[in-house]
Amino acid sequence: MSVSWAISSPAELRAHHARDAEERAGPLPEDVRETLLPEAGAFRGGLLFTPPDPSPDAAIVYFHGGGFVAGSPVSHRGVTAWLAKLTGMRVLSGRYRLAPEHSFPAQRDDAVAACAALAAVGADRLILAGDSAGACVALWGLQGLDPDSRAKVAGLALLYGGFGGVAGGSIARRGTAENGLDAETLAIMYRRLGPAAEDAWPLDFADTVTAPAYVLAAELDAVFDDSALLFQRLGSRADSRLVVAAGQDHGFLKGAGRDPAATRELEALARWLRERARPVPSLPESC
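Summarised in this report is the structure supplied together with it. None of the values given here were measured: they were computed from a predicted structure. In this numbering scheme, every chain counts its residues from 1 along its sequence in written order. Local features in this predicted model are restricted to residues of pLDDT 70 or higher, and side-chain atom pairs are both shown and tallied only at a pLDDT of 80 or more, whereas totals for entire chains, interfaces and linings draw on every residue. Hydrogen atoms and water are omitted, and side-chain values are computed over all heavy atoms in the structure.

### Looking at the packing of aromatic side chains
Threshold: Aromatic pairs are defined between Phe, Tyr and Trp rings, using the six-membered ring for Trp, whenever the two ring centres lie within 6.5 Å; interplanar angles under 30 degrees are classed as stacked, those over 60 as edge-to-face, and all others as tilted. Numbering goes from the N terminus for both helices and strands, where a helix is a DSSP run of H or I of at least four residues and a strand is a run of E of at least two. Here's how the labels work: a residue is buried when its accessible area is under 20% of the maximum for its type, exposed when over 50%, partly exposed in between, all with a 1.4 Å probe on protein chains only. Definition used: whenever NZ (Lys) or CZ (Arg) falls within 6 Å of the ring centre and also within 35 degrees of the ring normal, the charge is taken to sit over that ring.
According to the stated counting rule, one finds nine aromatic pairs in the structure shown. Here the aromatic rings of Y160 and F252 are separated by 5.8 Å at their centres, their planes lie at 50°, and the arrangement is tilted. Taken as a pair, Y160 in the loop between β6 (153-159) and α6 (169-174) and F252 in the loop between β8 (241-245) and α10 (260-276) lie far apart in primary sequence, 92 residues in all. For the residue pair Y160 and F252, the accessibility class agrees, reading buried in each case. Between Y190 and W201, the aromatic rings sit 4.5 Å apart at their centres with planes inclined by 50°, giving tilted as the arrangement. With Y190 in helix α7 (residues 183-191) and W201 in the loop between α7 and α8 (202-205), this residue pair connects regions lying eleven residues apart in the sequence. Per residue, the accessibility class of Y190 equals that of W201, and both read buried. Aromatic rings pair up to connect F68, F104, W140, Y190 and W201 into one cluster. Of note, R276 hangs over the ring of W272, and the distance from its end group to the ring centre comes to 4.9 Å.

Okay, here's the thing in structure tokens:
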């Protein structure tokens with residue numbers, strides 16, 4: 001194999017991940033505007049995707065995957081651009097600091113700063129979203145918000161996430177050194193975040209999450225059990241969903257715009273997100 005997620009250098013893994021994303025990417029929607037946002041204070045910058053006539057008060061903050069060591073808003077621009085198109089909402093794909101150069105809680109802090117940056121431009125209702133490692137970052141960001149900011153979170157979109165599990169049936173069946181999702185490699189990947197992450201995994205605090213969640217698990221994914229277990233621990237909100245993408249593997253949404261399965265799953269997600277982002281009707285004043 002060309003790289004090893006266990007022993008290759010961060011530079012090698014980042015170059016490999018970027019090549020893979022570019023090879024799998026489909027065309028972007030032509031009517032979605034992409035804007036580069038620079039760093040500003042605690043905000044690490046990112047890409048803002050704006051569809052025609054966007055929702056005035058709801059927006060999505062998205063965090064990319066890449067095993068906490070690779071990836072960027074650029075590598076995931078297909079997913080985020082199509083989310084903007086299909087939901088009619090602005091999508092901020094936020095940059096966050098990568099391991100091993102930056103240990104946890106840097107990723108949590110950067111997620112919180114990205115939420116604040118989007119709220120500052122008028123988004124009263126936020127969706128926190130991410131895929132793979134980015135789904136974990138989204139939950140860390142939620143946990144790091146102050147109570148007023150957390151009250152603005154209308155929903156979570158957690159796409160084939162890795163939430164701290166290093167054992168289980170799906171890992172044993174489908175995890176390999178080549179895909180980087182075997183038990184040994186996952187343990188190494190998580191250790192890159194440093195010792196502070198050991199007590200911060202979403203599987204351990206999922207029962208404190210109150211926002212509705214759309215948890216997408218890929219049927220053939222080695223970390224399928226992470227998504228199923230997380231959903232179980234999130235509680236029994238009637239408006240949450242556990243959705244299984246039949247016949248799909250980890251990272252399949254990178255084909256957005258070209259792969260019909262990716263498009264179909266994003267369309268289903270977009271319908272759920274639009275429902276969550278609707279303003280809550282205010283109660284009539286009593287006489």
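### A few points about the pattern of salt bridges
The condition that has to hold: A side-chain nitrogen of Lys or Arg and a carboxyl oxygen of Asp or Glu constitute a salt bridge if their distance falls within 4 Å.
One pass over the full model with this rule turns up nine salt bridges. The residue E101 makes a salt bridge to R14 at a minimum N-O spacing of 2.7 Å. A residue pair is termed long-range when its members are at least 10 positions apart, and E101 in the loop between β4 (90-94) and α3 (106-119) and R14 in helix α1 (residues 10-24) qualify at 87 residues. Judged by relative accessible area, E101 falls into the partly exposed class, the value being 48%. The shortest N-O distance in the salt bridge between R108 and D109 comes to 3.5 Å. Note on R108: relative accessible area 25%, which makes it partly exposed.

### Let's talk about the side chain of K254
The criterion, for reference: Polar contacts, as counted here, are pairs of nitrogen or oxygen atoms within 3.5 Å of one another; within protein the pair requires one atom able to donate a hydrogen and one able to accept it, and residues that are adjacent in sequence qualify only if both atoms are side-chain atoms. Throughout, a residue-residue contact means that at least one pair of heavy atoms, one from each residue, lies within 4.5 Å.
Mapped onto the elements of the fold, K254 is located in the loop between β8 and α10. Residue K254 is classed as buried on the basis of its relative accessible area, which comes to 14%. Within the local environment of K254, its side chain forms a polar contact with the side chain of D20, the two groups lying 3.0 Å apart. Setting aside chain neighbours within four positions, we find K254 in contact with H17, D20, A21, R24, A25, G26, V79 and Y160.

### Considerations on the packing of α3 against helix α4 (residues 133-144)
Under the convention used in this document: Note on geometry: axes are lines fitted to C-alpha atoms, helical ones only across the stretch in contact, with angles between N-to-C directions running from 0 to 180 degrees. Here is the rule for angles: anything less than 35 degrees is roughly parallel, anything more than 145 is roughly antiparallel, 65 through 115 is roughly perpendicular, and the remaining ranges are oblique. Gly is placed with the polar residues, together with every amino acid not listed as nonpolar (Ala, Val, Leu, Ile, Met, Phe, Trp, Tyr, Cys and Pro) or charged (Asp, Glu, Lys and Arg).
Interhelical geometry of α3 versus α4 gives an angle of 70° and a closest axis separation of 8 Å. Judged by the inter-axis angle, α3 sits roughly perpendicular to α4. Only V137, W140, G141 and G144 of α4 make contact with α3, whose side of the interface consists of Q107, R108, A111 and V112. Among the residues making up the contact of α3 with α4, the classes are represented as four nonpolar, three polar and one charged.

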